[in-house]
Amino acid sequence: MTKKQAKKAIIDIGQRMYVRNFVAANDGNISIRTGDNEVWATPTGVSKGFMKKKMLVKVDLDGNVLEGTHKPSSELKMHLRAYRENEELRSVCHAHPPICTCFAIAGIPLNAPVLAEAIITLGDVPIAPYAELGTDEVAEVIAPYCHTHNGVLLANHGAVTWSEDAYDAYYRLESMEYYAKILLITDKILEEQNCFQTEQIERLISMREKFGIKRGGIPI
């Protein structure tokens with residue numbers, strides 16, 4: 001994306017996060033990589049539903065501010081680690097979708113093979129270990145998943161997704177929250193889940209290439 005496109009996309013995605021209640025107050029952060037060593041990101045302390053383009057910040061992969069008057073979020077370390085870990089990634093979204101966050105607090109991964117679309121687009125969504133907010137440890141706990149998965153639940157925190165495309169990264173948040181809702185209702189309320197068989201799971205996973213999906217893991 002160009003600078004102009006990236007800034008527009010961040011504002012748009014931030015508003016979508018806000019209206020869907022994926023974030024409260026100043027929660028969440030969004031970033032888009034626009035060059036080998038430049039990333040546009042949301043500022044700290046600003047609601048994702050009320051951002052202006054002039055508030056956005058450009059940093060390098062070490063977190064040094066290159067452009068902008070606001071400070072980036074301390075959680076940007078997580079985004080930058082994802083970009084350093086996997087050069088194919090171009091966007092990272094972090095939010096606190098309520099049901100996903102409940103699963104993260106309970107320590108329950110999203111991995112039941114009950115929904116065809118979830119198997120193809122998400123695969124399984126593991127729980128990354130708890131890390132104290134704003135520390136380098138937050139970046140460390142997601143690193144093992146950047147090549148193999150499309151996102152993770154952050155223990156006692158929220159959710160983070162990534163992709164080669166900014167809107168794709170956001171859509172994965174939507175898909176993750178929808179998947180979590182399905183699992184909550186079928187497992188905890190209906191107390192019944194008809195899971196796919198191994199052969200069916202394998203066929204669904206083989207469809208990822210058709211949709212340009214390179215990662216996902218295998219639900220169990």
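Conventions we followed
Residues numbered from 1 in each chain as written. Predicted model: local features only at pLDDT ≥ 70, side-chain atom pairs only at ≥ 80, totals over all residues. Heavy atoms only, no water. Buried < 20%, exposed > 50% of the residue type's maximum accessible area, 1.4 Å probe, protein only. Helix = DSSP H or I, 4+ residues; strand = E, 2+ residues; numbered from the N terminus. Contact = heavy atoms within 4.5 Å. Salt bridge = Lys/Arg side-chain N within 4 Å of Asp/Glu carboxyl O. 1 Å grid on protein atoms, 1.4 Å probe; cavity = no way out; pocket = protein on both sides within 12 Å on 5 of 7 lines; lining within 4 Å. Points joined across faces, edges and corners; volume = space filled by probe spheres on them. Nonpolar A, V, L, I, M, F, W, Y, C, P; charged D, E, K, R; others polar.

Novice: Is there a simple way to explain helix H3 (residues 98-106) in this structure?
Specialist: What H3 keeps buried is the set Ile99, Cys100, Thr101, Phe103 and Ala104. Elements in contact with the buried residues of H3: strand S6 (127-128), strand S7 (151-154), strand S8 (158-163) and helix H6 (166-189). Count one or two residues on from H3 and you reach glycine 107, which has phi positive near 75 degrees.

Novice: Where do I start with the pattern of salt bridges in this structure?
Specialist: For the coordinates displayed, the defined rule picks out twelve salt bridges. Among the salt bridges present, the one from glutamate 140 reaches arginine 81, with a minimum N-O distance of 2.6 Å. With a gap of 59 residues between them, glutamate 140 in helix H5 (residues 136-142) and arginine 81 in helix H2 (residues 76-85) connect regions that are remote in the sequence. For glutamate 140, a relative accessible area of 44% corresponds to the partly exposed category. Here glutamate 88 makes a salt bridge to lysine 214, at a shortest N to O gap of 3.4 Å. Remark: lysine 214 occurs in the segment after helix H7 (198-206) and glutamate 88 occurs in the loop between H2 and strand S5 (91-95); sequence separation between them is 126 residues. Several salt bridges share partner residues, and in doing so they unite Lys3, Glu38, Lys58 and Glu67 into one network.

Novice: In this structure, what is going on with the layout of surface pockets? I would like to understand it.
Specialist: One way to see where empty space is left: roll a probe the size of a water molecule over the atoms. Counted as a void, the largest pocket has a volume near 200 Å³. The wall of the largest pocket is formed by 14 residues, among which Asp62, Leu76, Lys77, Leu80 and Asp136 lie closest to the centre. Sorting the residues of the lining of the largest pocket by element identifies H2 and H5 as the ones contributing at least two each. Sort the elements by how many residues they give to the lining of the largest pocket and H2 lands first, with five residues. Across the lining of the largest pocket, the residue classes tally to five nonpolar, three polar and six charged. By volume, the second largest pocket is sized at about 150 Å³.

Purely geometric numbers; function is a separate question.
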